[in-house]
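If you want the building blocks of each chain, they are given just below.
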Amino acid sequence: MSYAIIGFGKIGQALAKAFARKGLEVSVATTRDPESFASDAAAIGPTIIPKTLADAVKADIIFLAVRFESHPDVAKALPSWEGKTIIDATNVFPVPEELDGLPSSAFVAKAFTGAKLVKGFNHLIAATLAADPIVEGGHRVVFLSSDDEDAIAPVAALAKQLGFAPVKLGKLNEGGTLVHARGRTWGQLIFQDLFKKEQ
């Protein structure tokens, strides 16, 4: 299984730190030339590989860590996203009217034709996401929701590999609403830093 992070701002770098901590290789890309962020990637660790967007999207599981309004530009990188899983770590607030009442991840999913989309890793602030998720005998929780039941299992397995405790919320418009904003209101689980104790 290969991994990529698209977007290398605070959230992208926080995710990269989680991979580096476990010595897992991950490609990182933006719409800019990889040379422009190569030194930032090297500072995080040797398993963080700067690539062009065209190369990074060859990965099986791709974290979308760009600003919400930039997701259509990323989606243009491939004509079809068949066989790929997108982890939508974006947040939008306040929610723009053109979403037409859809959760923002359902709106994002439309742009990535053929992909399986999982909302996840979006509810923590970057500094918390970047910190070691193993604390006081427990694991920091990440919430996952998707309209594609099959998509959650590999993402949950990756979350565990990174040291997090995945908690499944079900479909985007059901439990998933807890990690989305609605209008000018954040979902109830946004910014909740929770831990799951070892059984």
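Structure shown above.
For every chain, the first residue of its written sequence is number 1, and the numbers climb from 1 along that sequence. Note on the predicted model: pLDDT of at least 70 is required for a residue's local features to be given, and 80 or more for side-chain atom pairs to be given and counted; whole-chain, interface and lining totals, by contrast, use all residues. Working from all heavy atoms in the structure, the side-chain values ignore hydrogens and water.

Reported here for the largest pocket is a volume of approximately 550 Å³. What lines the largest pocket is a set of 29 residues, among which A65, V66, R67, F68 and T90 lie closest to the centre. Any residue outside Ala, Val, Leu, Ile, Met, Phe, Trp, Tyr, Cys, Pro, Asp, Glu, Lys and Arg is labelled polar, Gly included; the first ten of those are nonpolar and the last four are charged. Of the residues assigned to the lining of the largest pocket, the class counts are 17 nonpolar, eight polar and four charged. Every definition here rests on a 1 Å grid over the protein atoms only: cavities are sets of points where a 1.4 Å probe fits but cannot get out, pockets are open sets enclosed by protein on both sides within 12 Å along at least five of seven lines, and lining residues have some atom within 4 Å of a point. Grid points are joined across faces, edges and corners, and a volume is the space filled by probe spheres set on the points.

Let's shift gears to helix α7 (residues 149-161). It helps to recall that an α-helix has 3.6 residues per turn; residues three or four apart then point in one direction. For α7, the set of buried residues is A151, I152, V155, A156, L158 and A159. For α7, the angular spread of the buried residues around the axis is 160 degrees, confining them to a single face. Away from its buried face, by an angle of more than 90 degrees, α7 presents the exposed residues D150 and K160. Throughout, exposure labels follow a simple rule: accessible area from a 1.4 Å probe, protein chains only, divided by the maximum for the residue type, with under 20% read as buried, over 50% as exposed, and the rest as partly exposed. Comment: elements are numbered from the N terminus, with helices defined as DSSP H or I runs of at least four residues and strands as E runs of at least two. In this description, one arc is meant: the one made by directions from the helix axis to the C-beta atoms.

Turning our attention to the nonpolar core. Here the nonpolar core consists of buried residues drawn from Ala, Val, Leu, Ile, Met, Phe, Trp, Tyr and Cys, with membership extended through side-chain atoms lying within 4.5 Å. Ranked by internal contacts, the top residues of the largest apolar core, which has 36 residues, are I5, F19, I48 and F121. Of all the secondary-structure elements, those providing two or more residues to this core are β1 (3-6), α1 (10-21), β2 (26-29), α2 (38-44), β4 (61-64), α6 (126-130), β8 (138-145) and α7. It is α7 that provides the largest number of residues to this core, a total of six residues.

This paragraph deals with the pairing of strand β9 (residues 165-170). In this analysis, strands are considered paired if DSSP registers two or more bridges between them. Of the pairings in the sheet, the one linking β8 to β9 comprises five bridges and is parallel in character. Opposite F143, over in β9, you have V167 as the bridge partner. The parallel pair β8 and β9 is bridged by α7, and the resulting crossover is right-handed. When the strands point away from the viewer, a crossover counts as right-handed if the route from the first strand across the helix to the second turns clockwise.

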